[in-house]
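For reference, the chains in residue letters:
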Amino acid sequence: MDGLASQIACGSHHTLVLGSSGQLWAFGSGVKGQLGTGITEGCLRPTPVLLERASGGAATVIHNDMKISVGWNSNFIYTPESSEREQPIGRLDKARLQKWLTMEQGNAEAQREISLMFSTSSSLVASFTKASESPSTKAAGALRVDLEAASQAFDQLFNIPWIRKSVNILPLVDTLCSSAAVIKSPEIFMILPTIPLLHDDQNVMNMVMALAIVIAKVLNETAMKILKDWWSSLEPSIMTKHILMWKNALSFMLRNGLLATHKPGVKFLLEALKYLHRANKRARRTQEVPASTFYVEEIIDRVIPMDDVKLWRFWSTREDTEVTPVIFCRYPFVLSLICKMAIFNSNALFTKVVHHLTHMQTVMYPSGTFPDNPESPLAPVFQLTLRRPSLIEDTFRQLGAADHDYFQRELVVQFMEDMKLSLVNIRDFFLHVFEELLASESEMFMYNDTKTLVWFPAKPRVEEKSYFLFGVLCGMALYNHNIVHLPFPLALFKKMVGVKPSLEDLREFDPVVGGSLRYLLEDYTDDDVEENLDMTFTVIWDDQKVELDPKETGKPVTSFNKKQFVDAYVNLAFNQSAEKVFEEFRRGFFKVCDRDVVELFQPEELRGVMVGKEDYDWDTLKQNTVYDGEYHARHPNIITFWEAFEELTDDQKKAFLLFLTGCDRAPILGMDKIQMKVAILQNSTELHFPESLTCHLLLLLPIYPSKEMLLARLKEACAHNRGFWKE
């Protein structure tokens, strides 16, 4: 070989030899083109390797200090940094980017450069690789690609028509799909969702779907672990782009009726979104991407909620096969709040209808016709007959005596003082029973220092059964579509759907204690916590002294165990201190509501559905109002009414909402879900007060001679709930 060999490197069945003169030789198998001869044939005789340069020339000799390395069927050549060395082909730099952005029409050279940049994953990755001295690249496993820079560059480039036409990334996607099983550094999968082309409908079937298959089915375990860690570290703006690529593809499939014909593809898209949703929940940043970002609005129009629930329950006890349909309830994070509420309400209505049909069957067919027929027909409704002055006593007595099966039937409420049955009674009942139960006089709950939030007590003063019945009432309120007063922290709703409460929940319930613990955990930097803060694992909760570490009384808090201390404190507050009474509450709640359907909700969604929200848009209320009979928007009394309404304080407006709807909070879906109807109160004079029928959102408004009188009568009616709770 004409001299000494300075380096030798071996692949699977081929060998590279670097001579001391700088000449590179290859021999062995060449079926993959690995000998560098330009043909796919082997050669046992050492053959000189021609090396292409970026300028297009060729050379048989490079620098004397060149290094070589060999892969399975590939070769790598390393040369030292040199001022004369040209920029690698296809790599983007700032100068080249600015040149392209300032060109009105691209020339052949620019189009070729852009095409080269998007032709291989290595070009794209190299174009946005961070500097090696960057702090963010030094941690083990850190993402070394600047996704913010990539996203910004792509947004600028693809806003220019000639550049958009110059790029074809289909070959790149095809290459990725064919080599994904052995990929070791998957940075390209972090870059691709920031490319606007992959958000276009025309690229869903041939590119986005192919990438979904790779991520859900092909990538090896090592690559997937790396991707999951990187997804968790994404900034919200980049995470949103990742979500939208998959979400837009799923929306496209639904809009075009492809659900039935492309079931596997839809499942892969859902799996890709599931990875991102999990990453978003465990994100190492202060702010999550909002849950609503994952909502796929097209589902509600193209999927029948109850059918999806039936499929979900059917396949939950069976092993998936090729014929398993797409089941959206398995991916509740893509279901909008409207869709989840539709599923919950459809399920509740179905259960009520079943009870009605069972009743009809037992009435139509006498005892003995069928072996399972009861001797007397079961009532299709669950009726509570109550005395207003003894509301809690009567409610608990009748709930406690009832068969639990009755809780899921249609609810009827009757008051002894007025035996007339009305839907108004149900709203009336839930409003006042929760008001009384959550008052301090009931002694059922502990309050925070500001008396704004409640939690289950560590040492209950009432029997545990009361918490079971309270859970039943909460379940019945949700089951019968009633917003109620539940001033609990988000921790309650987290526990209802199987989410672990956190320090943030303690900060909501007790800002002083929670804030102190957060400071200790995140902001206190002194290493000597034990000496400087003099804290122990002995704490006071609900007026009781508690050892957070029962094995060591008075255990000191140190820099090393402060996280253990904070975790134990949160666990005490929301789990350990009230475990028995909370379990009774949860048991009662799920006697009414089906657990699997409730767990479709996010904690924030469940709280909003049950409690409503304090986001009032009074202009929307006015715009949505309709009028009946003589009244219309320009009627003098209606103009006067709205002028008077504007003069009410915020609290008085909320009192009016309570007067009209039976609840002083806005629905979770917003004020546009309230459509008030205004009609004249028949046979009324200026001495009469306005009245309301809450079940119909109907305001009965007498005609008044002046705004002052109307305002006075309206305030009085709202203050005394006239027409809603008859004295």
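See the structure above.
Note that the structure is a prediction, hence the values are computed from the model and not measured.

Draft legend 1. Main features of the environment of Trp642. With respect to the element layout, Trp642 can be found in helix H27 (residues 636–646). Taking C-alpha positions, Trp642 is 9.6 Å from Lys707, a pair spaced 65 residues apart along the chain. With sequence-adjacent residues up to four places away left out, Trp642 is seen in contact with Leu621, Lys622, Thr625, Tyr627 and Met676.

Draft legend 2. Focus on a nonpolar patch on the surface. Residues Leu349, Val353, Leu357 and Met360 make up a contiguous nonpolar surface patch of about 370 Å² in total accessible area. Relative to the helices and strands, Met360 is located in helix H14 (residues 337–364). We classify Met360 as partly exposed; its relative accessible area is 43%.

Draft legend 3. Here's a closer look at the packing of aromatic side chains. A complete count under the given rule lists 42 aromatic pairs for this structure. Judged by centre distance (5.5 Å) and plane angle (75 degrees), the ring pair of Phe645 and Phe656 falls under edge-to-face. In this pair, Phe645 sits in helix H27 while Phe656 sits in helix H28 (residues 650–661), placing the two residues 11 residues apart along the sequence. Assessed through its relative accessible area of 0%, Phe656 is described here as buried. One Lys or Arg, Arg388, reaches over the ring of Phe415 and ends 4.4 Å from the middle of that ring. For Arg713, the ring lying beneath its charged end belongs to Phe689, and the centroid distance is 5.5 Å.

Draft legend 4. Spatial organisation of the pattern of salt bridges. One pass over the full model with this rule turns up 29 salt bridges. Lys613 is the partner of Asp615 in a salt bridge, and the nearest nitrogen-oxygen pair spans 3.9 Å. Here Asp615 falls in the partly exposed class, since its relative accessible area comes to 48%. The partly exposed category is assigned to Lys613, whose relative accessible area is 24%. Each of Arg387, Glu393, Asp394 and Arg397 takes part in salt bridges that share partners, so that together they form one network.

Draft legend 5. Quick peek at the sheet that holds strand S2 (residues 14–19). Reading across from one edge, S1-S2-S3-S4 is the order of the four strands in this open sheet, with antiparallel pairing throughout. Every interior strand has two partners, whereas the edge strands, strand S1 (5–10) and strand S4 (43–48), have only one. Averaged over all pairs of adjacent strands, the angle between strand axes in this sheet comes to 15 degrees, irrespective of strand direction. With three bridges joining them, strand S3 (residues 24–28) and S4 adopt antiparallel strand pairing. Opposite Trp25, over in S4, you have Pro48 as the bridge partner.

Draft legend 6. Layout of a negative patch on the surface. Taken together, the side chains of Asp617, Asp619, Glu646 and Asp672 present a region of like negative charge at the surface. Relative to the assigned elements, Asp617 resides in the loop between helix H25 (603–611) and helix H26 (618–624).

Draft legend 7. Representation of the nonpolar core in the model. Counting 176 residues, the largest nonpolar core has Phe154, Trp246, Phe434, Phe456, Phe470 and Phe488 as its most contacted members. Here this core gets 11 residues from one element, more than from any other, and that element is helix H17 (residues 465–479). Non-local contacts of Phe434, meaning those with residues more than four positions away in its chain, are made with Phe470, Leu473, Cys474, Ala477, Val484, His485 and Leu486.

Draft legend 8. How the structure looks around the sheet that holds strand S18 (residues 698–700). The mixed open sheet is built from four strands, whose spatial order is S15-S16-S18-S17. Strand pairing shows two members of the sheet lacking a second neighbour, strand S15 (626–627) and strand S17 (691–693), which therefore form its edges. Here S17 pairs with S18 via three bridges, running antiparallel. Paired with Glu691 across the strands is Leu700, a residue of S18.

Conventions and cut-offs
Residues numbered from 1 in each chain as written. Predicted model: local features only at pLDDT ≥ 70, side-chain atom pairs only at ≥ 80, totals over all residues. Heavy atoms only, no water. Helix = DSSP H or I, 4+ residues; strand = E, 2+ residues; numbered from the N terminus. Contact = heavy atoms within 4.5 Å. Patch = residues over 30% accessible without salt bridge, like charges linked within 9 Å, V, L, I, M, F, W, Y side chains within 5 Å. Areas by Shrake-Rupley, 256 points an atom, 1.4 Å probe, with all protein chains shown as cover. Salt bridge = Lys/Arg side-chain N within 4 Å of Asp/Glu carboxyl O. Buried < 20%, exposed > 50% of the residue type's maximum accessible area, 1.4 Å probe, protein only. Phe/Tyr/Trp six-rings, centres within 6.5 Å; stacked < 30°, edge-to-face > 60°. Lys NZ or Arg CZ within 6 Å of the ring centre and 35° of its normal. Pairing = 2+ DSSP bridges. Axes fitted to C-alpha atoms, helices over the stretch in contact; angles between N-to-C directions. Lys, Arg positive; Asp, Glu negative; His and termini not counted. Charge placed at Lys NZ, Arg CZ, Asp CG, Glu CD. Core = buried A, V, L, I, M, F, W, Y, C linked by side-chain atoms within 4.5 Å.

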